[in-house]
Amino acid sequence: MRHALLLLLFLTACAAPAPGVSALATATVPPTADPFVLLLGEGDAQAAMGARTAAEGSYRAAAALRPADPAPHLRLARLYLDWGAAGEGLAALEAARELGAAAAQVDALAADLYALQGDWEAVLASGQAALEANPGDVATRHRLALACLALERPADARIHYRAILALDPADALAHERLGILLTASETVTASEHLRAAATPLAADIAAALETAGDDPSYRLARVGQLCLAHGQPLFAVWALQEAVARSPAYADAQALLGQALAQAGRSEAALEHLEAAVRLAPDSALARSLLGLYHLQAGNPEAARPHLEAAYELQPENPYFCLDLAALYAGLGQYAAADIWLEEATRLAPQDAAVWEAVARFYLDRAMVEQGLGAAQTLVRLAPQSAMAHDLAGWGYFLAGRPADAEENLLRAVALDPTLAPAYFHLSQVYAYLGQDEQAQAAMQRAVDLGAYR
C-alpha cells in the first residue's frame, strides 16, 4: 500500500506541463521518505492494531538502520510491557538507556516493567527517580502506590493516591484504592471515595460497608474477601492483615489472609496463616479447604488430602469441594475416584456453568475426549454467549475428530472475544490438520500476538 501511494504521488508530480513550458522546469520530485521514520510509524500502527510480532520486527529493523538511536528500543520496551514480557522489555530499556534515552522516560517505563515482575523495591527506586523529573506523572504514582502497599507502607500509598487525585480529581482508580485504604479508620470518607470511583469493586465494598456493622475486624475481612474476589490480592492482604491485627483469633480472616498472601507470591507467610486458621477452627470448612488447596497447588496431594476431605465432610452440599477432591484424587493417580467426585459436583450444581467449565477442563486437559466434549457441550448450552465455552467445545470436537464442528465453535469463540488467545491457538491446530497452512499460520500468529504463547 505504501508503494502504491508513492507511485500515485510520482505520477501526479509528473503530469504534462503547460504548453510552452519545459517539463524539466515544472517536474517536481517528492522527497525521499526516511525508511527509519517509516519503520517506526509502521511499528506504531502495528502495535496499535495488536499485531505485536509485526511491530517487533519493524522496531528491530529500525534499530538496525540506526544503531545509535534509542527510539526503537524505547518503543520495543513499551511493546513488551503491553505484551507481558517484562524481561525482554527491561533488556530493550537498558539498550535505550545506554544509547542516551531521556532518564525520565526510561525510569517511568522501568517502574511499569518491574511492577509486571512484582519487583516492588525496583518499582520504588525507578518510580521515585521518574517522579523527580516529572512530578505530574500520574501513571508512575499509581505504580509507586502499589509498590508501597506491597512493601507494607500503606500510609505512603495513601499519600500517592491523594496526590493523584490532586492532579486528576476524576481518577476512578485512585478513588477506589484510596477508599479501600481508608476503610480501617475513616469509613465515611472511604465511602465517599468508593462512590466517586463507581467501579465494580468500589460498589461492592461500599455496599458491604453499609451492612458490615460496627465490628472493624469483620468489616475489614469483608473488604479483603471482596478484593480477593476482584483479583486484587495486594489490597486483600492489607485489609486482612488489619483484620487479624485487631482479632488474632479470627479464623476466617486468618484463612483468607493466607489465601491472599499465596496469590501475592508470599508462600511461606501464607502457610503460617492457613495453619493458624485450622488450629483456631479445625471445624471451619473455609480454613480446611484453603489449606488443602494450598498444598494441592504446591504439588503435595498427600498433605492436601485430610483437609479437603474434612472440608467436604463439613459442607457436603458444596459442589466446589467435590471439584477439589476430584483434583486431589487425580493428583494421587486415582482417576476412578476423580470421576466420582466430578459426577457429584455436577449432580449438586447441574446449572452452574463454572462447575461444568471445571469438569470440561479437567477431562480435556487429560485428553479424556468423550467426557470432556460432553461437559463442554453442556457448558455451551448453559452459557451460549461465553467465548470460553465455545473454545472448550471446539477443542473437544477437534480431539474427537470432528474438525468442521471444531472450526464452527472456535470461530464463534473468537467472534465473541477477539482477545481469547487459546481459541486462536486451537484454530491453528484445526487448520493445520485440514492442510490450510495460511489460515493455520495466521491463527497461530494471532495467538502469539495476544501473548499467550511467547
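Residues numbered from 1 in each chain as written. Predicted model: local features only at pLDDT ≥ 70, side-chain atom pairs only at ≥ 80, totals over all residues. Heavy atoms only, no water.

## Structural notes on helix H7 (residues 103-117)
Side chains that are three or four residues apart share a direction in an α-helix, a result of its 3.6 residues per turn.
Here comes step 1: When the terminal C-alpha atoms of H7 are compared, their 21 Å separation across 15 residues agrees well with the 21 Å that a helix rising 1.5 Å per residue should span.
Here comes step 2: Within the sequence span of H7, burial applies to Val106, Asp107, Ala108, Leu109, Ala110, Ala111, Asp112, Leu113 and Ala115.
Here comes step 3: Buried residues along H7 sit against helix H5 (71-83), helix H6 (86-98), helix H8 (120-133) and helix H9 (138-150).
Here comes step 4: Immediately beyond the C-terminal end of H7, within one or two residues, lies Gly118, with a positive phi of roughly 80°. (Helix = DSSP H or I, 4+ residues; strand = E, 2+ residues; numbered from the N terminus. Expected span 1.5 Å × (residues − 1). Buried < 20%, exposed > 50% of the residue type's maximum accessible area, 1.4 Å probe, protein only. Contact = heavy atoms within 4.5 Å.)

## A short note on the nonpolar core
Here comes step 1: Formed by 61 residues in total, the largest nonpolar core has its most connected members in Trp120, Tyr161, Ile180, Ile205, Phe235, Trp238 and Leu240.
Here comes step 2: Of all the elements, helix H15 (residues 233-246) adds the most residues to this core, at nine residues.
Here comes step 3: Residues contacting Phe235, with those up to four places away along its chain left out, are Leu146, Leu149, Tyr161, Arg177, Ile180, Leu181 and Cys227.
Here comes step 4: Formed by 53 residues, the second largest nonpolar core is a distinct cluster that contains Leu308, Trp356, Ala393 and Val430. (Core = buried A, V, L, I, M, F, W, Y, C linked by side-chain atoms within 4.5 Å.)

## Some words on the side chain of Asn409
Here comes step 1: Along the polypeptide, Asn409 turns up in helix H25 (residues 403-416).
Here comes step 2: When neighbours within four sequence positions are excluded, Asn409 is seen to be in contact with His390, Ala393, Gly394 and Tyr397.

## What to know about the layout of surface pockets
Here comes step 1: Volume-wise, the largest pocket comes out at about 240 Å³.
Here comes step 2: Forming the boundary of the largest pocket are Gln259, Ala262, Gln263, Leu274, Leu290, Leu293, Tyr294, Gln297 and Ala298.
Here comes step 3: Within the residue set of the lining of the largest pocket, elements represented by two or more residues are helix H16 (251-263) and helix H18 (285-297).
Here comes step 4: Sorting elements by how many residues they give to the lining of the largest pocket places H18 first, with four residues.
Here comes step 5: Gly118, Trp120, Leu149, Ala150, Glu152, Pro154, Leu234, Val237, Trp238, Gln241, Ala264 and Arg266 together form the lining of the second largest pocket.
Here comes step 6: Going through the elements one at a time, H9 and H15 are the ones with two or more residues in the lining of the second largest pocket.
Here comes step 7: The leading source of residues in the lining of the second largest pocket is H15, at four residues.
Here comes step 8: Grouping the constituent residues of the lining of the second largest pocket by class yields eight nonpolar, two polar and two charged. (1 Å grid on protein atoms, 1.4 Å probe; cavity = no way out; pocket = protein on both sides within 12 Å on 5 of 7 lines; lining within 4 Å. Points joined across faces, edges and corners; volume = space filled by probe spheres on them. Nonpolar A, V, L, I, M, F, W, Y, C, P; charged D, E, K, R; others polar.)

## A look at the pattern of salt bridges
Here comes step 1: Per the counting criterion, the structure on display carries 13 salt bridges.
Here comes step 2: A salt bridge links Asp44 to Arg75, with the nearest nitrogen and oxygen atoms 3.0 Å apart. Of the two residues, Asp44 sits in helix H3 (residues 35-48) while Arg75 sits in helix H5, which places them 31 residues apart along the sequence.
Here comes step 3: We classify Arg75 as partly exposed; its relative accessible area is 25%.
Here comes step 4: Of the charged contacts in the structure, one is a salt bridge between Arg143 and Asp112, with a shortest N-O distance of 2.8 Å. Taken as a pair, Arg143 in helix H9 and Asp112 in helix H7 lie far apart in primary sequence, 31 residues in all.
Here comes step 5: Taken together, the shared-partner salt bridges in this structure form one network comprising Glu94, Arg97 and Asp107. (Salt bridge = Lys/Arg side-chain N within 4 Å of Asp/Glu carboxyl O.)

## Thoughts on the packing of aromatic side chains
Here comes step 1: Under the definition given, this model contains five aromatic pairs.
Here comes step 2: Centre to centre, the rings of Tyr80 and Trp83 are 6.2 Å apart; their planes meet at 10°, and the pair counts as stacked. Here Tyr80 pairs with Trp83, and both are found in helix H5, just three residues apart, close to one helical turn.
Here comes step 3: For Trp83, a relative accessible area of 5% translates into the label buried.
Here comes step 4: Relative to Tyr433, the ring of Phe398 has its centre 5.8 Å away and its plane inclined at 85°; by these criteria the two rings are edge-to-face. (Phe/Tyr/Trp six-rings, centres within 6.5 Å; stacked < 30°, edge-to-face > 60°.)

## Let's talk about the environment of Ala197
Here comes step 1: For Ala197, the location among the structural elements is in helix H12 (residues 187-197).
Here comes step 2: On the basis of relative accessibility, which here comes to 6%, the residue Ala197 falls in the buried class.
Here comes step 3: Remark: the alpha-carbon pair of Ala197 and Ala276, spanning 79 residues in sequence, is separated by 35 Å.
Here comes step 4: Aside from chain neighbours lying at most four places away, what touches Ala197 is Ala172, His175, Glu176 and Ala202.

## A word on the side chain of Arg219
Here comes step 1: On the secondary structure map, Arg219 appears in helix H14 (residues 216-229).
Here comes step 2: From its side chain, Arg219 meets the backbone oxygen of Thr183 in a polar contact 3.1 Å long.
Here comes step 3: Ignoring sequence-local partners within four residues, the contact set of Arg219 consists of Thr183, Ala184, Thr187, Leu209, Ala212, Gly213 and Asp214. (Polar contact = N/O pair within 3.5 Å; in protein donor to acceptor, adjacent residues only side chain to side chain.)

## Quick word on the state of the cysteines
Here comes step 1: Under the defined criterion, the tally for this structure stands at zero disulfides.
Here comes step 2: With no disulfide of its own, Cys227 has Cys148 as its nearest cysteine by sulfur position, at a separation of 17 Å. (Disulfide = S-S within 2.5 Å.)

## Focus on the confidence of the model for the chain
Here comes step 1: For the chain, per-residue confidence averages 92 on the pLDDT scale, and residues scoring 70 or more make up 92% of the total.
Here comes step 2: Every residue in residues 1-27 scores below 50 in pLDDT, and together they form eight contacts with partners more than four places removed in sequence or on other chains. (pLDDT = per-residue confidence, 0-100.)

## Focus on helix H24 (residues 387-399)
Here comes step 1: Under the 1.5 Å per step criterion, the end-to-end length of H24 is 18 Å for 13 residues, consistent within 8% with the ideal 18 Å.
Here comes step 2: Taken across its 13 residues, H24 has eleven buried, putting it largely inside the fold.
Here comes step 3: Residues of H24 that are buried: Ala387, Ala389, His390, Asp391, Leu392, Ala393, Gly394, Trp395, Gly396, Tyr397 and Phe398.
Here comes step 4: After H24 finishes, the residue Gly401 shows a positive phi value of roughly 80°.

## Notes on the packing of H7 against H8
Geometry of a packed helix pair, given as the angle between the helix axes and the separation of the axes.
Here comes step 1: Running from N to C, H7 and H8 cross one another at 155°; their axes reach a closest spacing of 8 Å. By the angle between their directions, the pair H7 and H8 is classed as roughly antiparallel. Between H7 and H8 lies a crossing of left-handed hand. Together, Ala104, Asp107, Ala108, Ala110, Ala111, Tyr114 and Ala115 of H7 and Trp120, Ala122, Val123, Ser126, Gly127, Ala129, Ala130 and Ala133 of H8 make up the contact between the two elements.
Here comes step 2: For the contact of H7 with H8, the class distribution of residues is twelve nonpolar, two polar and one charged. (Axes fitted to C-alpha atoms, helices over the stretch in contact; angles between N-to-C directions. Parallel < 35°, antiparallel > 145°, perpendicular 65-115°, else oblique. Left-handed = near helix turned anticlockwise from the far one by under 90°.)

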